[in-house]
Amino acid sequence: GAVVSQHPSWVICKSGTSVKIECRSLDFQATTMFWYRQFPKQSLMLMATSNEGSKATYEQGVEKDKFLINHASLTLSTLTVTSAHPEDSSFYICSTSGRAGNEQFFGPGTRLTVL
Amino acid sequence: GNSVTQMEGPVTLSEEAFLTINCTYTATGYPSLFWYVQYPGEGLQLLLKATKADDKGSNKGFEATYRKETTSFHLEKGSVQVSDSAVYFCALSDRGGGGNKLTFGTGTQLKVEL
């Protein structure tokens, strides 16, 4: 399957700062990218779906002004958590899908801790 | 809306034991069903899938059958190995292939001991 990387793998930041997480599709043209959030012992919750060159579609209850998603190319999407607060601490996972839409390929995740 | 319920873990088994991880779902229409596996430090990987009722997905000795009458997609393996230790997620998509929006269960951690 396709290889998806995320950077950083973990980050600790102070409350009020912004954090950017990158998701790269290394060997695959990702027309669609998904961003998930996972709390301990809970399922992955889809935050938003983005198509290359288009604005992201956010799930109900997800603040689009707080979680900025940019999908500028077929290999890169970024998630920026703006003015982070401790309640934003979580595990963020991206996945990619191609035009055929048959499968998603997942990144290893980014652990965000906001102090 | 769609939802997936799977048994809580951790599940601890001895090597060569039989494995069952239960998964039931709620969805409208005819969803596709998936099992993903997450090994320590890695991203989720598709383990197997089934796209219509009575289909059986299989891979690496794991099997799951799409049971519409019981809305279930239980994961089974006849003889587990230590290398099967991972977290297993059941998921569904209500739009065909797994490249579309997925709804996940909470995950079940499997530990296999010698």
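What you are looking at is a predicted structure, and each value in this text was computed from that prediction instead of being measured. (Residues numbered from 1 in each chain as written. Chains lettered and ligands numbered in written order. Predicted model: local features only at pLDDT ≥ 70, side-chain atom pairs only at ≥ 80, totals over all residues. Heavy atoms only, no water.)

Colleague: So what's going on with the sheet that holds strand β8 (residues 76–81) of chain A? Which residues, and what values?
Modeller: All names here are of chain A. Strand order in the open sheet formed by four strands is β1-β3-β8-β7, with antiparallel pairing between adjacent strands. Sheet topology places β1 (4–7) and β7 (67–70) at the edges, where each strand pairs with a single neighbour. Sheet twist, expressed as the average angle between the axes of neighbouring strands with direction ignored, equals 15°. Pairing of β7 with β8, which is carried by four bridges, proceeds in the antiparallel orientation. Within the sheet, the bridge partner assigned to L68 lies in β8 and is T80. (Pairing = 2+ DSSP bridges. Helix = DSSP H or I, 4+ residues; strand = E, 2+ residues; numbered from the N terminus. Axes fitted to C-alpha atoms, helices over the stretch in contact; angles between N-to-C directions.)

Colleague: Could you give an account of the state of the cysteines, with specific residues and numbers?
Modeller: Residue and element names in this part refer to chain A. One pass over the full model with this rule turns up two disulfides over all chains. Disulfide partner of C23: C94, at an S-S distance of 2.0 Å. Taking the sign of the S-S torsion, 75° for the link of C23 and C94, the bridge is right-handed. Residue C23 is found in strand β3 (residues 19–25), and its partner C94 is found in strand β9 (residues 90–97); the two are separated by 71 residues along the sequence. You'll find C23 and C94 in the same group, each marked buried. With no disulfide of its own, C13 lies closest to C94 among cysteine sulfurs, the gap being 18 Å. (Disulfide = S-S within 2.5 Å. Buried < 20%, exposed > 50% of the residue type's maximum accessible area, 1.4 Å probe, protein only.)

Colleague: Describe the side chain of T103 of chain B, listing the residues and the values that go with them.
Modeller: Mapped onto the secondary structure, T103 of chain B falls in strand β11 (residues 103–104). Ignoring any residue separated from it by four or fewer positions in sequence, one finds T103 of chain B in contact with N2, S3, V4, C90, A91 and L92 of chain B. (Contact = heavy atoms within 4.5 Å.)

Colleague: Go over the sheet that holds strand β9 (residues 75–77) of chain B, please, and point to the residues and values.
Modeller: The strands that make up a sheet are held in pairs by hydrogen bonds between backbone atoms, and each pair lies either parallel or antiparallel. Residues and elements named next belong to chain B. Strand order in the open sheet made by the four strands is β3-β9-β8-β7, with antiparallel pairing throughout. Each of the sheet's edge strands pairs with one partner strand only, and the pair in question is β3 (19–21) and β7 (56–59). Pairwise comparison of adjacent strand axes, ignoring direction, gives a mean angle of 15° for this sheet. Pairing analysis gives three bridges linking β3 to β9, with the strands arranged antiparallel.

Colleague: Quick one: what's the story with the interface of chain A and chain B, residue by residue and with numbers?
Modeller: At the interface, 18 residues of chain A touch 18 residues of chain B. Regarding the contact of chain A and chain B, the summed buried area is about 1300 Å², with carbon and sulfur atoms giving 55% of it. Of all residues in chain A, L44, Q104 and F106 of chain A bury the most surface against chain B, accounting for 31% of the area lost on that side. For the pair chain A and chain B, the interface holds one salt bridge. (Buried area = accessible area lost by both parts, 1.4 Å probe. Salt bridge = Lys/Arg side-chain N within 4 Å of Asp/Glu carboxyl O.)

Colleague: So what's going on with the packing of aromatic side chains? Which residues, and what values?
Modeller: Scanning all chains against the criterion turns up twelve aromatic pairs over all chains. Arranged with centres 6.0 Å apart and planes meeting at 80°, the rings of F106 of chain A and F104 of chain B form a pair that is edge-to-face. A residue pair is termed interchain when its members come from two chains, as with F106 of chain A in strand β10 (residues 105–106) and F104 of chain B in strand β11. The rings of F34, Y36 and F106 of chain A together with F34, Y36, F89 and F104 of chain B are connected pair by pair, giving a single aromatic cluster. (Phe/Tyr/Trp six-rings, centres within 6.5 Å; stacked < 30°, edge-to-face > 60°.)

Colleague: I'd like to hear about the pairing of strand β2 (residues 10–13) of chain A, residue by residue, with values.
Modeller: Each regular strand displays side chains that alternate between the two surfaces of the sheet. All names here are of chain A. The alternating pattern of β2 places V11 and C13 on a buried face, while none of W10 and I12, on the opposite face, is buried. The pairing of β2 with strand β11 (residues 110–114) spans four bridges and is parallel. Residue pairing across strands places C13 opposite V114, the latter belonging to β11.

Colleague: I'd like a rundown of the pattern of salt bridges, residues and numbers included.
Modeller: Between side chains of opposite charge, a pair can form when the charged atoms approach closely. In total, this model carries six salt bridges over all chains according to the counting rule given. Here R24 of chain A ties to E22 of chain A by a salt bridge, and the two come within 3.5 Å at their closest N and O atoms. A relative accessible area of 24% means that E22 of chain A is categorised as partly exposed. With a closest N to O distance of 3.4 Å, D55 of chain B and K52 of chain B form a salt bridge. Of the residues examined, D55 of chain B reaches a relative accessible area of 21% and is grouped as partly exposed.

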